[in-house]
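Descriptive analysis of the structure
Spelled out from the first residue to the last, the chains are:
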Amino acid sequence: MIRSVLIGTGSALPSDCVSNDELAKRVDTSDEWIRERTGITQRYIAAEGETTGTLATAAAQAALDDAGLSIADIDLIVLATATPDNTFPATATKVQHQLGGKDFPAFDVAAVCSGFLYALSTADAMLRTGMATRAIVIGAETFSRILDWEDRTTCVLFGDGAGAFVIEAQDVAADGPGIIASRLHADGEHGDMLYVDGGPSTTGEVGKVRMKGREVFRHAVTNLSSVLGEVLAEAGCQPGDIDWVVPHQANFRILDATARKLGLPMDKVVVTVDRHANTSAASVPLAFDVAKKDGRIQKGDLVMLEAMGGGFTWGASLLRA
Ligand code: ACO
């Protein structure tokens, strides 16, 4: 069967790392409050000149290097972001140009924190139907640029960064590598619980992140547990078969509550929210890259990716590394 097989990963972070204590000098908050409620200890914030596009390009180049490929081997780029460099063109086309690519499709996908799951599923479908053979799938964000730095209930939660996968269509056995099953969901009824209060067609301004944190928390645990169950059922697997869960890194308590609901021990859950905070669409590929580079995720491991974000949108993918 034709599957999209993961052949390279990469990531990139801005140079400035901001600790909770440093943030507490600018905002009425404390290291203790942030750690206790979220598990976050620090985040990376893009400096002038660092953009979603520059971070995405660096992560994509690292993923190409990891795969031992060059841009000439690629025929698709899908980039998930809620913080594009410009309203248009798509940041994916900038990345294509920066990497020296030409004449193949490159586009952005907007599903906020679940954007990477949406981008990966889209690229996977295009690979399996023969529309492309090798894709770079990127999650990249500079959320720091859309935060209200006067609003302590949101600005302490997010960070900037990028992560990328290179996936390739391969003819593999049923127990071989590749993306096994994916599910995506959206429910626009709850759009006012997590949104940006601007946009080109409404205010004409970029706007800032607004969030009802408690409601988001509640919906996240319910929706994530449910979509994980769906993907496991589609793949004919049990929670105990999973070697690693790489969740969207929103908040340690969401990761913990979701793992508990599924009966998964936390030592199977990759946690990077402590050092990266919530990097929205970048968080899943960034966390995956960290766990692959430090030797936790090995070839042959069964890995569940999951995310939930504004919209609401949510989704999960099960892959064999
Ligand atoms: N520093 C200090 N105090 C704060 C801060 C802060 N940064 N933020 C809020 N507080 C205060 C509030 O003012 C409130 O004070 P009060 O009781 O005097 O009114 C108190 O702390 C409790 O506030 P709550 O909002 O009720 O705190 P809660 O325990 O719900 O934690 C949090 C807030 C961390 C945002 C939590 O609701 C959460 O994690 N929600 C999920 C949101 C999320 O992760 N969104 C990311 C995008 S969606 C996603 O990725 C899944």
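Every value quoted in this text rests on a predicted model; they were computed, and no experiment measured them.

Rules and cut-offs
Residues numbered from 1 in each chain as written. Predicted model: local features only at pLDDT ≥ 70, side-chain atom pairs only at ≥ 80, totals over all residues. Heavy atoms only, no water. Helix = DSSP H or I, 4+ residues; strand = E, 2+ residues; numbered from the N terminus. Rg over C-alpha atoms; globule rule 2.2 N^0.38 Å. Buried < 20%, exposed > 50% of the residue type's maximum accessible area, 1.4 Å probe, protein only. Near = heavy atom within 4 Å. Polar contact = N/O pair within 3.5 Å; in protein donor to acceptor, adjacent residues only side chain to side chain. Areas by Shrake-Rupley, 256 points an atom, 1.4 Å probe, with all protein chains shown as cover. Disulfide = S-S within 2.5 Å. Axes fitted to C-alpha atoms, helices over the stretch in contact; angles between N-to-C directions. Parallel < 35°, antiparallel > 145°, perpendicular 65-115°, else oblique. Left-handed = near helix turned anticlockwise from the far one by under 90°. Contact = heavy atoms within 4.5 Å. Pairing = 2+ DSSP bridges. Core = buried A, V, L, I, M, F, W, Y, C linked by side-chain atoms within 4.5 Å. Domains from an automatic or database assignment. Phe/Tyr/Trp six-rings, centres within 6.5 Å; stacked < 30°, edge-to-face > 60°. Arc of directions from axis to C-beta.

**A closer look at the overall build of the protein**
Helix and strand counts for the protein come out as ten helices and 13 strands. Scaling as 2.2 N^0.38, a compact globule of 321 residues should have a C-alpha radius of gyration of about 20 Å, and the protein matches this with 18 Å. Each of the three principal axes of the protein carries a C-alpha extent, and together these read 55 × 45 × 40 Å. By residue count, 55% of the 321 residues in the protein fall in the buried class.

**A short note on the site of the ligand**
Taken together, 24 residues sit near the ligand, with T29, R37, R152, H248 and N251 positioned nearest. Here an oxygen atom of the ligand sits 2.3 Å away from a polar atom, N or O, in the side chain of N251. N278 places a polar side-chain atom, nitrogen or oxygen, 3.4 Å from an oxygen atom of the ligand. Summarising the interface, the protein chains cover 76% of the accessible area of the ligand, which totals 1000 Å² for the free molecule. Contributing elements (two or more residues each) for the shell around the ligand: α2 (31-38), α6 (152-155), α7 (213-235) and α8 (252-262).

**Some thoughts on the state of the cysteines**
Overall, the coordinates contain zero disulfides when judged by the stated rule. Of all cysteine sulfurs, the one in C155 lies closest to C113, which takes part in no disulfide; the gap is 16 Å. Judged by relative accessible area, which is 6%, C113 ranks as buried. Free cysteine C155: the closest other cysteine sulfur is in C17, separated by 16 Å. Classification of C155 as buried rests on a relative accessible area of 0%.

**Observations regarding the packing of helix α3 (residues 52-67) against helix α4 (residues 91-99)**
Contact geometry for α3 and α4: axes closest at 9 Å, N-to-C directions at 55°. Classified by the angle between their axes, α3 and α4 sit oblique to one another. The two elements α3 and α4 cross, and the hand of that crossing is right-handed. Contacts between α3 and α4 pair T52, G53, A56, T57, A60, Q61 and L64 from the former with T91, V95, Q98 and L99 from the latter.

**Some words on the sheet that holds strand β1 (residues 2-12)**
An order of β1-β7-β6-β4-β5 is seen for the five strands of this open sheet, with the pairing classed as mixed. Both edges of this open sheet fall to β1 and β5 (106-109), since each of them pairs with a single strand only. On average, each strand axis in the sheet is tilted by 20° relative to the strand beside it, whichever way the strands run. Pairing of strand β4 (residues 76-80) with strand β6 (residues 134-142), which is carried by five bridges, proceeds in the parallel orientation. Among the inter-strand pairings, I77 is bridged to a residue of β6, identified as I136.

**Here's the deal with the nonpolar core**
V209, M304 and F312 are the most contacted members of the largest nonpolar core, which has 43 residues in total. Counting only elements with at least two residues in this core, the list comes to α7, α8, β12 (302-309) and β13 (313-320). Taken together, domain 1 (2-171) and domain 2 (178-320) each give at least three residues to this core, which thus spans both. Every residue in contact with V209, bar those within four places of it in the chain, is listed here: F143, I146, L147, T154, F158, L194, Y195 and V196. Counting 34 residues, the second largest nonpolar core, distinct from the first, contains V78, L127, A135 and A291.

**With respect to the packing of aromatic side chains**
Taken as a whole and assessed by the stated rule, the structure comprises three aromatic pairs. Judged by centre distance (4.9 Å) and plane angle (25°), the rings of F143 and F158 are stacked. One end of the pair, F143, is in the loop between β6 and α6; the other, F158, is in the loop between α6 and β7 (160-171), and 15 residues separate them in sequence. The same class applies to F143 and to F158, which are both buried.

**Let's talk about α4**
Residue pairs spaced three or four apart in an α-helix point in one direction, given the helix's 3.6 residues per turn. For α4, the full list of buried residues reads T91, A92, V95, Q96 and L99. Each buried residue of α4 lies within a common arc of 150° when the element is viewed along its axis, so the set occupies one face. Within α4, the exposed residues directed more than 90 degrees away from the buried face are H97 and Q98. Lining the buried residues of α4 we find α3, β4, β5 and β6. One or two steps after α4, the chain reaches G100, where phi turns positive at roughly 90°.

**So, the environment of N86**
Looking at the element boundaries, N86 is found in the loop between β4 and α4. When the C-alpha positions of N86 and G53 are compared, they lie 9.6 Å apart, and in sequence the two are 33 residues distant.

**What to know about the sheet that holds β12**
Through backbone hydrogen bonds, the strands of a sheet pair up, either in parallel or in antiparallel fashion. Reading across the sheet, the four strands line up as β8-β13-β12-β11 and stay open at both edges, with mixed pairing between neighbours. Pairing within the sheet leaves two strands with one partner each, and these edge strands are β8 (178-186) and β11 (244-247). Taken pair by pair, the neighbouring strands of this sheet meet at an average axis angle of 15°, ignoring direction. Pairing of β8 with β13, which is carried by eight bridges, proceeds in the antiparallel orientation. Across the sheet, residue G178 finds its bridge partner in β13, namely R320.

Remember, this is a structural readout, not a statement about activity or role.
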